[in-house]
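Residue-level listing of the chains:
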Amino acid sequence: MSRFGNIGHRLYTGEVSFDFVGRRKLWTIISGVILVAAILGLTVRGLNLGIEFKGGEIYTVTKPGVTVSQAQTAANKLTGDTSALVQTANSSKGEQILIQISSAEKIDPTVGQDALKSSLGLSTDQISTQSLSASWGQDISQKALYGLIAFMVLVTLYLAFAFEWRLAVGALVALLHDLVITIGVYALVGFEVTSGTVIGFLTILGYSLYDTVVVFDGLKSATNKLTRQNKLTYSDAANLSLNSTLVRSINTSVLALLPVAALLFIGGGLLGAGVLNDISLALFVGLTAGAYSSICVATPMVAWLQEKRPEYVELARKVKQRRAAEAKAAAEGRTLDDETPQGEVTVPAPTGGPRNQPVNRSRSDRRSSGGRR
Amino acid sequence: MASPKSRPRDGYPGRALSLILVVMVALVAVMLGTGNTTPRLGIDLAGGTSVTLKATSNQQSAINPANMATAAGIMRDRVNGTGVTEATVQVQGNDEIVVNAPKGTSSTQLANELAQTAKLFFRPVLAEQVQANAATLPKSSASPSASSTGGAKPSASASASGKPQATGSGATASPSASKTQGDAVSQDLKASSSASPHASASATAHASSSAAAAGTPKAAATPSAAPTGAVSGQVGGTVPAALQTQFAATDCTTEAGQAAAQLAANKAAETDQVVACSQDASGGTWVKYALDKVAVDGTSITKAQSNLSTQTGQWEVDLSFDSHGSGQFANVTGQLAKNPQPPTNEFAIQLDGKVQSAPTVSSAITGGQATISGSFDQASASSLANVLSYGSLPLNFQIQEVVTVSPELGSSQLTAGLIAGLIGLILVVLYSLAYYRGLGLVAVASLIVSAVLTWSLMSLLGGAIGFALNLPAVCGAIVAIGITADSFVVYFERVRDELREGASLRPAVRNAWPRARRTILVSDFVSFLAAAVLYFFTVGKVQGFAFTLGLTTLLDVVVVFLFTKPLMTLLARRKFFNSGHPWSGLSPERLGVRNPLRDSRNSRRPARPAAGKEA
């Protein structure tokens, strides 16, 4: 742990630095591959929508002595998975067992009724079948979609106002990236999509943006007044900012992922609570994607957009010049930092980074070489 | 806990801490006091009630998928208008609607509320007549009004006491003085449905309810004249010729008669004149009305709200109309106000074929607002307000069956989920302690505070607005823990950054706050925006999710501002943290700060924990 703490410090000062921004191509390839897979999965396999969305059949069993677990077993045999919902109902007519089977299972009601009848040993008057509409109807989905669109518009406006439009674009791209990946994973894995899954998606939406905004908050202060120096390009500063807040990002993600991972792997996997899977998988995939995208998608995207601005193009030119001069000086055995007053120009502390300390050369060397790798 | 030497530069951490402590204690006390000690669980976790309603209509073609879907949507609004109750509505078969509501919902009330068509019309009263059931008459015969009202005027009274517009205060109600302030009368008659002037300025609606009508001469004067059957008072106003037979035949004192009248009134077109009975019998008397065609339709209602009248102490329902409805309402009340005498200056509020109340009008009501009074209790008033808010059903429904259903998820699944969640939380605690040491305890304490607040608020909301938690919401709450923990992480990392720059602990804790605060606020604002927008735009479970998200986001801000920050400020004064004890999580060595004065980075690796001193 103490080593980790030291890494935290070294990340903060820049002694250790992972070049996130510079490896834009790598991230593009990784994200691209995952996205393509997700979209392919969505278009080819499609989502396995649960009974809440598609409706289905409800079988009412009135035979006394049939237990829920017997009915569940029979229903599972019928559907081949564990998606059937089995409940007891107490009415004036006595106890009943209700079995709901999604129409996505494509089981003909009469076939289903016969199968249940034989496996539970029922007579014809002990089972009845009725169709059931979706409880999560079209109108709910539609309103949810409108809500989502309204939210995206508003949040883009807010981010454009609080930061600037380039950052808003970055955040939005990261958000869509996370959502598409999470939904795509559902198509690929084939887990049933329930209302819980949708709630999971929406949780991701909130979390992904939250995470991105925390990162951007650091980025904004790190790149404030950046044009007044000539040691760092925008990308360098962004990278420095990412690294200095990397510990936070990792800790946050770990803290959020631990309980979800427990639900998914221990609850859904080891203990066999299958219903937890459709919720916790969305959260697990989405949280992971969210942590990745705020660092490897949103920030490089912003840096790429920013580097196109004239002032940062100019800055990049100056930095290049300076580095060339440094390299030349190094070749001649001098150190530029000691001589030139330019060393006075400080890096506007990323998240309040080392103030009034000249950036040491070995660091910028490493970074620039890292960037080329 | 609070240091006596709170320095303003550090703020007043003791005050904030005691504030949040008081809030916590208060919430828990209210929680225990009201008995809502656990959050309500959704149907998937706790089971609940399932109500099956069957559509009925005289035209079979009206029972079609489109109408059923509309009805299901309206019912969903009725049972889950706030989106937090986790109730679901589904169409079953061709003509049935199944409504599932979590445990703890009153099933009879739910069923009645759902089955209510809620077709609301405002019709001018043409004529009215009091009818009493012979069996119940002795009660009302005791009324002093029996002798005082000699005329045919049924609505002689029951006007609200303290009503500003009420003119005339003849203690002995003169027969036709409609505006008599018959306090004595109404009290003796137990006119629970006494009128209520609307609270708004323009309100002059003078709801003389059915009960008021008891003061009719015949009803009171001949208590035992007819031991069986109905006893009718004189007819006030003029029954239109077309309705006369029906009017005479209608018997509002028996259930069958009421049902027949209700059915006929329900069937009638809006342009028809109808005969209708009063909704309730108070003091054993009903009022039979002949009503004109519909003047204002209930669809013009934009908002309905139950309200305890400060003037009458009765529950009532306040209505607001849209501009079209306001205009119509102003028109009809203006017309009615010109009629000097009741019942022709009354308008009836007809709900589902029965007259809820029939206030007299003394001037045009232009404010676009009205009040329905009647013998409401809190539950029935809010239920009526609820059904009116969401419009009327396109079909009539009958309650088919009400059953108790078991949880959708097996108990083994729930247990597995709980065990897994618990393991997850233990992992979170272990990670925070391992990484942040002493600070981890601050984080854990903050999480506990957050958990207590969340638990008590959710429990209370379960009682207050029917807020229910389903499994996804529980999982969401677990993720919310991560988001809450993030605020601490942001703050702790800022403090450590300050330390890395060589600041000593107290200034570090102080200086780190403004930056951390900004980050926390900006990011929480985005979360809250998501919650607010989704809550506003969506329905059903998405709305429930948005509510939970908004609640946890607000709690996050509260906990960080009122607990974590003040606690840090206080702890920074303790030697354990201040001296940078290796287990405090703040030791410069552990942070990797090369402090020239203490150049001991490699020599002081704690071989043995000296922890547990305090936190």
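Note that the structure is a prediction, hence the values are computed from the model and not measured.

Calculation notes
- Residues numbered from 1 in each chain as written.
- Chains lettered and ligands numbered in written order.
- Predicted model: local features only at pLDDT ≥ 70, side-chain atom pairs only at ≥ 80, totals over all residues.
- Heavy atoms only, no water.
- Helix = DSSP H or I, 4+ residues; strand = E, 2+ residues; numbered from the N terminus.
- Buried < 20%, exposed > 50% of the residue type's maximum accessible area, 1.4 Å probe, protein only.
- Contact = heavy atoms within 4.5 Å.
- Areas by Shrake-Rupley, 256 points an atom, 1.4 Å probe, with all protein chains shown as cover.
- Phe/Tyr/Trp six-rings, centres within 6.5 Å; stacked < 30°, edge-to-face > 60°.
- Core = buried A, V, L, I, M, F, W, Y, C linked by side-chain atoms within 4.5 Å.
- Patch = residues over 30% accessible without salt bridge, like charges linked within 9 Å, V, L, I, M, F, W, Y side chains within 5 Å.
- Salt bridge = Lys/Arg side-chain N within 4 Å of Asp/Glu carboxyl O.
- Buried area = accessible area lost by both parts, 1.4 Å probe.
- Expected span 1.5 Å × (residues − 1).
- Pairing = 2+ DSSP bridges.
- Axes fitted to C-alpha atoms, helices over the stretch in contact; angles between N-to-C directions.
- UniProt positions renumbered as here; feature names shortened; annotations may be inferred.
- Parallel < 35°, antiparallel > 145°, perpendicular 65-115°, else oblique.
- Left-handed = near helix turned anticlockwise from the far one by under 90°.
- 1 Å grid on protein atoms, 1.4 Å probe; cavity = no way out; pocket = protein on both sides within 12 Å on 5 of 7 lines; lining within 4 Å.
- Points joined across faces, edges and corners; volume = space filled by probe spheres on them.
- Nonpolar A, V, L, I, M, F, W, Y, C, P; charged D, E, K, R; others polar.
- pLDDT = per-residue confidence, 0-100.

### Some remarks on the overall build of chain B
Counting secondary structure elements, chain B contains 19 helices and 17 strands. Every one of the 615 residues in chain B was classed for burial, and the buried ones make up 56%. Partitioning the contacts of chain B with sequence separation of at least 6, the portion at a separation of at least 24 is 76%. As displayed, chain B offers around 23900 Å² of accessible surface, 57% of which is attributable to carbon and sulfur atoms.

### Comments concerning the packing of aromatic side chains
All names here are of chain B. What the rule picks out here adds up to 19 aromatic pairs over all chains. Measuring from ring centre to ring centre gives 5.6 Å for Phe 536 and Phe 537, while their planes differ by 85°; the resulting arrangement is edge-to-face. Through a chain of ring-to-ring contacts, the aromatic side chains of Tyr 431, Tyr 435, Tyr 436, Tyr 491, Phe 492, Trp 513 and Phe 561 assemble into a single cluster.

### Regarding the nonpolar core
Ranked by size, the top nonpolar core spans 65 residues in total, and within it A:Phe151, A:Leu159, A:Leu205, A:Leu209, A:Phe216 and A:Tyr234 carry the most contacts. Of the residues forming this core, the biggest block, 10 residues, is contributed by helix H8 (residues 195-222) of chain A. When sequence neighbours within four positions are dropped, the list of residues in contact with A:Phe151 reads A:Leu205, A:Leu209, B:Val526, B:Leu529, B:Ala530 and B:Val533. One finds B:Val428, B:Tyr436, B:Val442 and B:Cys475 within the second-largest nonpolar core, a separate group that totals 64 residues.

### Comments concerning a nonpolar patch on the surface
A surface patch of nonpolar side chains, amounting to about 830 Å² of accessible area, comprises A:Leu145, A:Tyr146, A:Ile149, A:Val153, A:Leu154, A:Leu157, B:Phe536 and B:Phe537. Looking at the nonpolar patch, the elements that each hand over two or more residues are helix H6 (138-162) of chain A together with helix H16 (505-537) of chain B. Among the elements that line the nonpolar patch, the one with the most residues is H6(A), at 6 residues. Counting through the fold element by element, A:Ile149 comes out in helix H6.

### Quick look at the interface of chain B and chain A
Contacts between the two partners involve 79 residues from chain B, matched on the other side by 84 residues from chain A. Summing both sides of the interface, chain B and chain A together bury roughly 7200 Å²; the carbon and sulfur share of this comes to 65%. The interface formed by chain B and chain A contains 1 salt bridge. Taking the shortest distance from any N to any O, the salt bridge between B:Arg518 and A:Asp217 comes out at 2.6 Å.

### Section: helix H12 (residues 310-331) of chain A
Helix length check: H12(A) (22 residues) gives 31 Å between terminal C-alpha atoms against 32 Å at 1.5 Å per residue, within 8%. At the C-terminal side of H12(A), A:Gly333 shows a positive phi close to 80°.

### Remarks on the environment of A:Ile181
Residues and elements named next belong to chain A. Its place among the elements puts Ile 181 in helix H7 (residues 165-189). Separated by 150 residues in sequence, Ile 181 and Ser 31 place their C-alpha atoms 9.0 Å apart. Non-local contacts of Ile 181, meaning those with residues more than four positions away in its chain, are made with Ile 34, Leu 35, Ala 38, Val 285 and Ala 289.

### Examining the sheet that holds strand S11 (residues 301-308) of chain B
Residues and elements named next belong to chain B. With respect to topology, 3 strands assemble into an open sheet ordered S11-S12-S15, the strand pairing being antiparallel. Only two strands of the sheet have a single neighbouring strand rather than two, namely S11 and strand S15 (369-376). The sheet shows a mean angle of 25° between the axes of neighbouring strands, direction not considered. With 7 bridges joining them, S11 and strand S12 (residues 315-321) adopt antiparallel strand pairing. Note on S12: the bridge partner recorded for Ser 306 is Val 317.

### Section: the pairing of strand S9 (residues 285-291) of chain B
All names here are of chain B. For S9, the tally of buried residues reaches 7 of 7 residues, placing the bulk of the element in the interior. Side chains Thr 285, Val 287, Tyr 289 and Leu 291 of S9 all project onto a buried face; the interleaved residues Trp 286, Lys 288 and Ala 290 project onto the opposite face, where all are buried too. Relative to S9, strand S8 (residues 274-278) runs antiparallel, the two sharing 4 bridges. The residue of S9 that forms the bridge with Val 275 is Ala 290.

### Structural notes on the pattern of salt bridges
Residue and element names in this part refer to chain A. Summed over the entire model, instances satisfying the criterion amount to 12 salt bridges over all chains. Close ionic contact of Glu 314 with Arg 317 constitutes a salt bridge, the shortest N to O distance being 2.8 Å. Separated by 3 residues within a single helix, Glu 314 and Arg 317 lie in helix H12, roughly one turn from each other. Exposure remark for Arg 317: the relative accessible area of 40% places this residue in the partly exposed category. The closest approach of N and O atoms between Arg 322 and Glu 326, which form a salt bridge, is 2.9 Å. One end of the pair, Arg 322, and the other, Glu 326, are both in helix H12, 4 residues apart, so they sit about a helical turn from each other.

### Notes on the UniProt feature "transmembrane region" (unreviewed entry) in chain A
Residues and elements named next belong to chain A. Per the UniProt record, "transmembrane region" (unreviewed entry) is annotated on residues 26-44, 144-161, 168-191, 197-219, 254-275 and 281-305. Along residues 168-191 one finds 92% helix and 0% strand; the C-alpha atoms at either end are 33 Å apart. Annotated as 100% helix and 0% strand, the span residues 197-219 places its first and last C-alpha atoms 32 Å apart.

### Focus: the packing of helix H1 (residues 13-34) of chain B against helix H17 (residues 540-571) of chain B
Residues and elements named next belong to chain B. Where H1 meets H17, the axes come as close as 8 Å, and the angle between the chain directions of the two elements is 135°. For the element pair H1 / H17, the angle class is oblique. Considering how the two elements wind past one another, H1 and H17 form a crossing that is left-handed. Mapping the contact onto sequence places Pro 13, Ala 16, Leu 17, Leu 19 and Ile 20 in H1 and Val 558, Val 559, Leu 562, Phe 563, Pro 566, Leu 567, Thr 569 and Leu 570 in H17.

### Structural notes on the packing of H8(A) against H17(B)
For the pair H8(A) and H17(B), the least separation of the axes is 10 Å and the interaxial angle reads 40°. Judged on the interaxial angle alone, H17(B) and H8(A) are oblique. For the pair H8(A) and H17(B), the crossing hand works out as right-handed. Every residue of H17(B) that contacts H8(A) at A:Ser195, A:Ile199, A:Leu202 and A:Thr203 is listed here: B:Lys541, B:Val542 and B:Phe545.

### Observations concerning empty space enclosed by the protein
Throughout the structure, instances matching the rule amount to 10 cavities of 30 Å³ or more. Of the voids in this model, the largest cavity is the one considered here, and its volume is about 190 Å³. Forming the walls of the largest cavity are 20 residues, and the residues nearest its centre are B:Ala473, B:Gly476, B:Phe545, B:Thr548 and B:Leu549. For the lining of the largest cavity, the secondary-structure elements that each account for two or more residues are H8 of chain A together with helix H15 (471-500) and H17 of chain B. If you tally residues by element for the lining of the largest cavity, the top one is H15(B), at 7 residues. Class assignment of the residues belonging to the lining of the largest cavity gives a composition of 12 nonpolar, 6 polar and 2 charged.

### Comments concerning the confidence of the model for chain B
All names here are of chain B. On average, residues of chain B score 71 in pLDDT, and 74% of them reach the 70 mark or higher. Averaged pLDDT values for the elements of chain B fall to 32 in helix H7 (residues 183-188) and rise to 87 in H1. Considering only residues more than four positions removed or in separate chains, one finds that residues 1-6, a stretch of pLDDT under 50, has 11 contacts. Contacts of residues 137-228 to residues separated by more than four positions or lying in other chains number 194 contacts, the stretch itself having pLDDT below 50. Interface confidence for the predicted complex, expressed as ipTM, amounts to 0.75; the pTM equals 0.68.

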